[in-house]
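Coordinates in review
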Amino acid sequence: MPNRIPMRDNGVQSVDRAISILQVLARRGPAGVTEIATELAVHKSTAFRLLDTLESRGLVEQQVDRGRYQLGFGVVQLAAGAARKLDLTVSSRPICQRLAEEVAETVNVAIHDGHAVISIDQVIGSSTVTSVNWVGQRTPFHATSAGQIFLAFMPSAQRDAILAGDLAAFTPRTLVDPAKLSTELALVRRRGYAITVEEHEIGLAAVAAPLRGIDGDVVAAVTASGPTFRLTAETLPRVAEQVSAAAAEISQRNGYPKLG
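As a starting point, this report considers the structure included with it. (Residues numbered from 1 in each chain as written. Predicted model: local features only at pLDDT ≥ 70, side-chain atom pairs only at ≥ 80, totals over all residues. Heavy atoms only, no water.)

**Here we look at the side chain of Q148**
- With respect to the helices and strands, Q148 occurs in helix α5 (residues 145-153).
- In this structure, Q148 is in contact with F141, H142, L181, E184, L185, V188, A194, I195, T196 and E199, ignoring residues within four places of it in sequence. (Helix = DSSP H or I, 4+ residues; strand = E, 2+ residues; numbered from the N terminus. Contact = heavy atoms within 4.5 Å.)

**A few points about the pattern of salt bridges**
- This model, assessed by the stated rule, comprises 10 salt bridges.
- The residue D121 makes a salt bridge to R93 at a minimum N-O spacing of 2.7 Å. Here the residue D121 occupies a position in strand β4 (residues 116-123), and R93 occupies one in helix α4 (residues 73-103), the gap between them amounting to 28 residues.
- On the accessibility criterion, D121 (11% relative accessible area) is buried.
- When its relative accessible area of 29% is taken as the criterion, R93 is described as partly exposed.
- Here R138 makes a salt bridge to D113, at a shortest N to O gap of 3.1 Å. Here the residue R138 occupies a position in strand β5 (residues 138-140), and D113 occupies one in strand β3 (residues 106-113), the gap between them amounting to 25 residues. (Salt bridge = Lys/Arg side-chain N within 4 Å of Asp/Glu carboxyl O. Buried < 20%, exposed > 50% of the residue type's maximum accessible area, 1.4 Å probe, protein only.)

**Regarding the pairing of β4**
- Taken across its 8 residues, β4 has 8 buried, putting it largely inside the fold.
- With 7 bridges connecting them, β3 and β4 associate as antiparallel partners. Bridge pairing in β4 links I111 to I118.
- Turn length for the β3-β4 hairpin, with the two strands adjacent in sequence and antiparallel, is 2 residues, and the turn residue G114 shows positive phi of about 65 degrees.
- One ladder, built from 3 bridges, connects β4 with β5; its direction is antiparallel. (Pairing = 2+ DSSP bridges.)

**Focus on the sheet that holds β4**
- The antiparallel open sheet is built from 6 strands, whose spatial order is β5-β4-β3-β8-β7-β6. Taken across any chain shown, the strands that pair with only one partner, and hence form the sheet edges, are β5 and β6 (194-197). Between one strand axis and the next, the sheet turns through 35 degrees on average, direction left out of account. (Axes fitted to C-alpha atoms, helices over the stretch in contact; angles between N-to-C directions.)

**Considering the environment of D215**
- When you line up the elements, D215 lands in the loop between β7 (204-212) and β8 (218-227).
- The spacing of D215 and G255 is 40 residues in sequence and 8.2 Å in space, taken between C-alpha atoms.
- Polar side-chain contacts of D215 include one of 3.1 Å to the backbone nitrogen of D217. (Polar contact = N/O pair within 3.5 Å; in protein donor to acceptor, adjacent residues only side chain to side chain.)

**Section: the nonpolar core**
- Of all hydrophobic cores here, the largest spans 29 residues; its most connected members are L88, V107, V207, L211, V222 and V243.
- Within the residue set of this core, elements represented by two or more residues are α4, β3, β4, β7, β8 and α8 (236-253).
- The element that contributes the greatest number of residues to this core is α8, accounting for 7 residues.
- Not counting residues up to four positions away in its chain, the partners in contact with V243 are L99, V207, A208, A209, V222 and A224. (Core = buried A, V, L, I, M, F, W, Y, C linked by side-chain atoms within 4.5 Å.)

**Comments concerning the pairing of β6**
- Pairing geometry for β6 and β7, over 4 bridges, is antiparallel. Its bridge partner being in β7, T196 is matched across the sheet by A206.
- Hairpin connection between β6 and β7: a loop of 6 residues separates the two successive antiparallel strands, and E198 in this loop has a positive phi of roughly 55 degrees.

As structure tokens, then:
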């Protein structure tokens, strides 16, 4: 008999066991409650309770005879979400590589998850003097150029809820006043890109533009970032144009129609 799962926090243990059920069904195909309980070394009632929860969320489903369970369409949807992120990095990378060469700065593609921004791909420019790898790191909405893109183009109710929350000051230049940040976001919507200068880190400036899907929704952002001694008031407008052009090209590859 398999070793029993060690005791731990009930919530964590339930999540762990639910994931194990999905893994069992993925490996062996349709299975009954007794089979699943035996393989996981848990009580049959525990397996049934977890299966009931997974079924209510569409992650598993019962076969017609109601005796066996199999993976549900919800798992397909989750996999599709992961695949979209992968597709985005694949389709955007050649353009991001070209952009990094043009602006000689670090270029990232970022998505948002909850109230944070996550970089999913990065290309280092030739002039970059930093070894920071932003891929996988979570950064705040309000203090980053990519985050301000998401804030600017998300539904107003969602944006207002975020602005009403705790806006941490990372530097003296971080916009933490909701009214001032709202004004800046309105500017982002009008011009189509966001610029931050030392709002998240001292000495760092960044430009971001939206990546749109086939329906026009903002699905990600492309950014170019570098030190403030290179990204200055004189150079930022040109970089913003280049980032915006790259974002438009990636959006077209992602199904968004070319405008004009």
